[in-house]
Amino acid sequence: MGMGGGDNGAFAFSTTSPRFCSPISSRSWKIFSDVAEDVTVSVDGQSFLLHKFPLMSRCGRVRKMVAESKDTDITKLELVNIPGGALAFELAVKFCYGSNFEIDAANVAHLRCIAEYLEMTEDYKEENLIVRTETYLNEIVLKRLDKSLEVLCACDGLDPTAEEVGLVDRCVDAIAMNACKEQLVSGLAHLECDVGSGKLRMHCQDWWVEDLSALSINYYRRVIAAMRRTGVRPESIGASIAHYAQTSLKGIERRHVWDSGPLVGDNQRLIVETLIDLLATENITTVTLSFLFGMLRMAIEVDAGLKYRIEVEKRIGLQLEMASLDDLLIPSVQTSDSMFDVDTVHRILVNFLQRIDEDDSGHLSPCGYESDGLKSPSHSSILKVGRLMDGYLAEIAPDPYLKLQKFMTLIELLPDYARIVDDGLYRAIDIYLKAHPSLTESECKKLCKLIDCQKLSQDACSHAAQNDRLPIQTVVRVLYYEQLRLKSSFSAGDSGGFDGGLSQRMMMCGGSGVPSSCVSPQRDNYASLRRENRELKLEISRMRVRLTELEREQGLMKQQGMREGRAGEHGRAFLASLSRGIGRIAMFGPAAAAERRRKKSSRGSQCSEGKSGRRRQKASFAYD
């Protein structure tokens, strides 16, 4: 019986094929009709009518079973735990009988394992099945990446024999080595020069990136580890991991909040956990941020272990400034909880802030002081995250199941310098107040204290001054800081006009003392400030009306006996102090300064209008 090589990479047995008879039953086969069979071999419930001599001449296990049998004329043998099952045994029987078939990448793994199980070594006959399969593996399979990959896929289900004969390890190493060689060859073939930068660029796509997805998760992990050791490009490894996850996990359906019970099996959970662990142990950093968010969602869907979720969250936190709002909107799978997974976003934000602290500590000067902290890359990143979190807060605020404590904790987590303007935070809090009308007054106060009124824009201040959902204390703070802002703006314009305007008037007047039109821009600025001041006074008047209504309601409540006398005194004292506070705010406004200048310029008209002007001022700021 000889062995020859085929054109398609297969070894053919050139002996004459024996005659096969029809099966005796649906689960038994009869080989050779001209010679009576003398033994029945049972494999996985299937019976083979065979002859002892061809089996004993090549199979050491069969020879030992017949020799150790107490029955000298044994007619039945049973093989258990045979690798490859009845199909692999049938191929081995054909080899023993000299039947014509080819060894190729599809069956060599089964033939090698069944040969090891039946002990088909050279001790019983030369060029036995073990030698034949090893020759094919060494000369054809292990020299080609595609053949090694095909054989490794066929090893699935042949454990532990495939591991014992070293078939899996050899295929894994061959895949990694051949992939590295192909990258070197294809890289040189596709190497181009970038004319603009003068740098070399490599344009090539590894075909095996997609083919590795056919491997089981255990074999795939070993292949990736071997590729890292042999020096395969990290970009190719990252692309392979992303494709493997997309291929193997595409059948997982999204679970909704109202669903309960597991929807996926242990296999999907094992795939997710193994891929995440592979990212950590092999230190693979070439995957995209969108892939990390996808793996995080999958880990939540399959209920992966907490340590695997934390690993992905840590990696996301290292580049959170590159995330989008849609990435953070992770649906919650817990029943009777908020619609979005706020806890996961909270942990991601904590990891990001830890990275910022480490970056800042690494940028210290030799003297121990920070240099250009506000212009550092970490500060730019935290500003981006601040805007991102404001948008996220506005998205989750309408959720009626979102607890106030979770909402406030997420707001307080970011430092003050993460927001240059608090308009986004004010919008999110206003949405939350609108969606949760059952909040108590103390809860509203605690939530609104998180707004820095000094960071609100003029539009936000105007909206806040008319917002009925805000507590009165918050509205008063907004009006107070807006008044201070107007005062500082007017003071800066007034002092600038006195210092620079005097010399300008002297130059333009030419000593004649007649003012020219050069002061008209400052007059326009003064008129604009006066107009803004009148608008602010109008808002304060509205507040006065609201306070008056509160006092009236309190008086009615006292008359009806719904409050005790001490509580009524405290309420009146609070309203009176609030009124005096607003009055002190208005005393520093630019309107008072303008009034004093008008008194100095026209004393005659002041005498006639002084009393009425003072009466109007007292009436306007009675609750200021």
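All values reported here derive from a predicted model rather than from experimental measurement.

Procedures and definitions
- All residue numbers here refer to positions counted from 1 along the written sequence of the relevant chain.
- In view of the model being predicted, local features appear only for residues whose pLDDT reaches at least 70, and side-chain atom pairs are presented and counted only at 80 or more, with totals across whole chains, interfaces and linings using the full set of residues.
- In computing side-chain values, all of the structure's heavy atoms are included and hydrogens and water are not.
- The helix count covers DSSP runs of H or I at least four residues long, the strand count covers runs of E at least two residues long, and both are numbered beginning at the N terminus.
- Relative accessibility thresholds used throughout: buried, under 20% of the residue-type maximum; exposed, over 50%; partly exposed, between the two (1.4 Å probe, protein chains only).
- Whether two residues are in contact is decided by their heavy atoms, any of which lying within 4.5 Å being enough.
- Using a 1.4 Å probe, the Shrake-Rupley method yields the accessible areas, and only the shown protein chains count as cover for residues.
- Here, strands pair whenever DSSP counts at least two bridges between them.
- Only the stretch in contact is used when a helix axis is fitted, and all axes are lines through C-alpha atoms; the angle between N-to-C directions ranges over 0 to 180 degrees.
- Each angle gets one of four labels, with under 35 degrees taken as roughly parallel, over 145 as roughly antiparallel, 65 to 115 as roughly perpendicular, and the rest as oblique.
- Residues are grouped as follows: nonpolar covers Ala, Val, Leu, Ile, Met, Phe, Trp, Tyr, Cys and Pro; charged covers Asp, Glu, Lys and Arg; every other residue, Gly included, is treated as polar.
- Whenever Lys or Arg places a side-chain nitrogen within 4 Å of a carboxyl oxygen from Asp or Glu, that contact is recorded as a salt bridge.
- Note: pLDDT gives the predictor's confidence per residue, expressed from 0 to 100.
- A 3.5 Å cut-off defines polar contacts: any pair of N or O atoms within that distance qualifies, except that in protein one atom must be a possible hydrogen donor and the other a possible acceptor, and neighbouring residues in sequence count only when both atoms are side-chain atoms.
- By definition here, a helix of n residues has an expected span of 1.5 Å times n minus one.
- To qualify as a nonpolar core, a set must consist of buried Ala, Val, Leu, Ile, Met, Phe, Trp, Tyr and Cys residues joined through side-chain atoms within 4.5 Å.

Let's talk about the overall build of the chain
Move 1: Helix and strand content of the chain: 26 helices and nine strands.
Move 2: Residues classed as buried in the chain amount to 42% of the 624 residues present.
Move 3: For the chain, the share of sequence-separated contacts (at least 6 apart) that also reach a separation of at least 24 residues comes to 70%.
Move 4: Approximately 33800 Å² of the chain is accessible, and the part contributed by carbon and sulfur atoms is 52%.

What to know about the pairing of strand β4 (residues 39-43)
Consecutive side chains of a regular strand alternate in pointing toward one face of the sheet and then the other.
Move 1: Within β4, four of the five residues are buried, which leaves the element mostly enclosed by the surrounding structure.
Move 2: In sequence, β4 turns back onto strand β5 (residues 46-50) through a hairpin of two residues, with Asp-44 there showing a positive phi of about 50 degrees.
Move 3: Judged from the four bridges that link them, β4 and strand β6 (residues 76-79) form a sheet pairing that is parallel. Along β6, the bridge assignment pairs Val-41 with Leu-77.

Looking at the packing of helix α10 (residues 217-230) against helix α12 (residues 266-281)
Move 1: Put simply, α10 and α12 touch, their axes get as near as 10 Å, and they point 10 degrees apart. Between α10 and α12, the crossing angle belongs to the class labelled roughly parallel. In this structure, α10 uses Ile-217, Tyr-220, Arg-221 and Ile-224 to contact α12, whose residues at the interface are Leu-270, Ile-271, Thr-274, Leu-275, Asp-277, Leu-278 and Thr-281.
Move 2: For the contact of α10 with α12, a count of residues per class yields seven nonpolar, two polar and two charged.

So, the pattern of salt bridges
Move 1: Tallying each qualifying case throughout the model produces 19 salt bridges.
Move 2: Its salt-bridge partner being Glu-116, residue Arg-112 comes within 2.9 Å of it at the nearest N-O pair. Of the two residues, Arg-112 and Glu-116 are both situated in helix α4 (residues 108-117); the distance of four residues between them amounts to about one turn of the helix.
Move 3: With a shortest N-O distance of 2.7 Å, Glu-163 and Arg-222 are connected by a salt bridge. Taken together, the residues Glu-163 in helix α7 (residues 161-164) and Arg-222 in helix α10 connect sequence positions 59 residues apart.
Move 4: The partly exposed category is assigned to Glu-163, whose relative accessible area is 29%.
Move 5: Arg-222 sits in the partly exposed class, given a relative accessible area of 28%.
Move 6: Salt bridges here are not isolated pairs; linked through shared partners, they connect Arg-112, Glu-116, Glu-134 and Arg-170.

Things to note about the confidence of the model for the chain
Move 1: Averaged over every residue, the pLDDT of the chain is 76; the share at 70 or more is 67%.
Move 2: In the predicted structure, residues 12-30 sits below a pLDDT of 50 and forms 49 contacts with residues beyond four places in sequence or in another chain.
Move 3: This stretch, residues 497-521, has a pLDDT under 50; its non-local contacts, to residues over four places away or in other chains, come to twelve contacts.

A short note on the side chain of Ser-57
Move 1: By secondary structure assignment, the location of Ser-57 is in helix α1 (residues 52-58).
Move 2: Within the structure, the side chain of Ser-57 is placed 2.8 Å from the backbone oxygen of Pro-54, a separation counted as a polar contact.
Move 3: Those residues in contact with Ser-57, other than ones at most four positions away along the chain, are Arg-63, Tyr-124 and Lys-125.

Examining helix α11 (residues 234-248)
Move 1: Helix length check: α11 (15 residues) gives 21 Å between terminal C-alpha atoms against 21 Å at 1.5 Å per residue, within 8%.
Move 2: Inspection of α11 places Ser-236, Ile-237, Gly-238, Ser-240, Ile-241, Tyr-244 and Ala-245 among the buried residues, and these make up the whole buried set.

Remarks on the side chain of Ser-381
Move 1: With respect to the element layout, Ser-381 can be found in helix α17 (residues 377-396).
Move 2: With residues near it in sequence (within four places) discarded, Ser-381 still touches Glu-321, Phe-352, Arg-355 and Ile-356.

Examining unusual backbone geometry
Move 1: For the bond from Asp-159 to Pro-160, the omega torsion is 5 degrees, close enough to zero to count as cis.
Move 2: Within the element layout of this structure, Pro-160 appears in the loop between α6 (145-154) and α7.
Move 3: Here the phi dihedral of Glu-119 falls at roughly 60 degrees; this positive angle occurs in a residue that is not glycine.
Move 4: Turning to its location among the elements, Glu-119 is positioned in the loop between α4 and α5 (129-139).

Topic: the nonpolar core
A general feature of soluble globular proteins is that nonpolar side chains tend to end up buried together.
Move 1: The biggest cluster of nonpolar side chains holds 153 residues, and the ones touching the most others in it are Phe-89, Val-151, Met-227, Tyr-392 and Phe-407.
Move 2: It is helix α3 (residues 85-97) that provides the largest number of residues to this core, a total of nine residues.
Move 3: Every residue in contact with Met-227, bar those within four places of it in the chain, is listed here: Ile-175, Ala-176, Ala-179, Trp-208, Leu-212, Val-232 and Ile-237.

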